[in-house]
Amino acid sequence: MTFLQTLSTDNQLVVDTLTQLDNTSSNIGLIDLMIKGGYMMIPLYLLFVLAVYIFVERVITLKKASKTPKGLMDQVKMMVQSGNVQQAKMICQGESTPVAQMIIKGLERIGSPLKNIEVAIENVGKIEIYKLEKNLGLLATVSGAAPMIGFLGTVAGMIRAFIGVAQEEGMVSPKLLSTGIYEAMITTATGLVVGILAYLGYNYLVSQVSKLIHNMEYSSIEFIDMLQEKK
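Asks: Would you mind going over the overall build of the protein in detail, with residue names and values included?
Replies: Regarding its fold elements, the protein presents 9 helices and 0 strands. Within the span of the protein, comprising 231 residues, buried residues form 32% of the whole. Counting contacts in the protein only where the partners sit at least 6 residues apart, residues at least 24 apart contribute 78% of the total. Entry remark: accessible area of the protein is about 14200 Å², with carbon and sulfur atoms responsible for 63%.

Set out below in structure tokens:
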């Protein structure tokens, strides 16, 4: 009889605790959850801000780099074929795109062997590609580091929770344990969110850079073919 009474009391305690937690969690907002994640949330916030900055900055840069006028190559071709190379340079200098910079270098080398012109254009292309890919490696690092920092925060939080349980005398309240655990899990969730967003942003930017590189290669081939026809 005593055992049944004890069991009934324990069950009622668990139900009351879970009900209290349920009511508390319904009143917890997003900001409260972010604060309860502990000090490991600070690097996650910094990584999130860094990822957003890199993504926005790269999107703006790539959009500017892709704004090459459709008729640019046709205009350059007409000028070169008519012998007005200087005018062709002026047209390209009005555009600050990678394609325009490559064509300018090719125009400056007109009169040299085609092989030298190809090398000069290729070297400029490498520099422009480096500019396009700037900070993409850092964004990839954020996508990998954020989940690991989140897991580290969870492990640290679990350790603190169990240390608190070990220091309790008598019966341990389920609320004490569950509160410590959910606070620790917040860092994992945050780390995964930051990592996923950074990963998606990285892949999007890589695809945009690949399109630009393809356009640069096509334009350089078209320019070399034009010089071969001229000869």
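Asks: Please set out the side chain of S143 residue by residue, giving values where relevant.
Replies: As for its position among the elements, S143 is in helix α8 (residues 136-167). Engagement of the side chain of S143 in a polar contact is seen with the backbone oxygen of A140, the distance being 2.6 Å. Contacts of S143, omitting those with residues within four sequence positions, involve G195, A198 and Y199.

Asks: Describe in detail the pattern of salt bridges, supporting the description with residues and values.
Replies: One pass over the structure, following the stated rule, counts 4 salt bridges. E57 serves as the salt-bridge partner of R58, at 2.8 Å between the closest nitrogen and oxygen. E128 is the salt-bridge partner of K131, the closest N and O atoms lying 3.7 Å from each other. Taken as a pair, K131 and E128 lie in helix α7 (residues 114-132) at a separation of 3 residues, close to a single helical turn.

Asks: Please provide a residue-by-residue account of α8, values included.
Replies: Given a rise of 1.5 Å per residue, 32 residues ought to cover 46 Å, and the 47 Å separating the end C-alpha atoms of α8 matches this to within 8%. The sharpest bend along α8 measures roughly 25 degrees and falls at A145, with the proline P147 sitting one to four residues further on.

Asks: Tell me what's going on with the confidence of the model for the protein, and back it up with residues and numbers.
Replies: Mean pLDDT over the protein: 79, with 77% of residues reaching 70 or higher. Here helix α1 (residues 2-26) stands out as the element of the protein with the lowest mean pLDDT, 43, in contrast to helix α3 (residues 41-65), whose mean of 93 is the highest. Across residues 1-15, confidence stays below pLDDT 50; counting only partners more than four residues off in sequence or on other chains, it has 2 contacts. This model gives residues 20-27 a pLDDT under 50, and the stretch forms 5 contacts once residues within four places in sequence are excluded.

Calculation rules
- Residues numbered from 1 in each chain as written.
- Predicted model: local features only at pLDDT ≥ 70, side-chain atom pairs only at ≥ 80, totals over all residues.
- Heavy atoms only, no water.
- Helix = DSSP H or I, 4+ residues; strand = E, 2+ residues; numbered from the N terminus.
- Buried < 20%, exposed > 50% of the residue type's maximum accessible area, 1.4 Å probe, protein only.
- Contact = heavy atoms within 4.5 Å.
- Areas by Shrake-Rupley, 256 points an atom, 1.4 Å probe, with all protein chains shown as cover.
- Polar contact = N/O pair within 3.5 Å; in protein donor to acceptor, adjacent residues only side chain to side chain.
- Salt bridge = Lys/Arg side-chain N within 4 Å of Asp/Glu carboxyl O.
- Expected span 1.5 Å × (residues − 1).
- Bend = angle between axes of the 7 residues up to and from the residue.
- pLDDT = per-residue confidence, 0-100.

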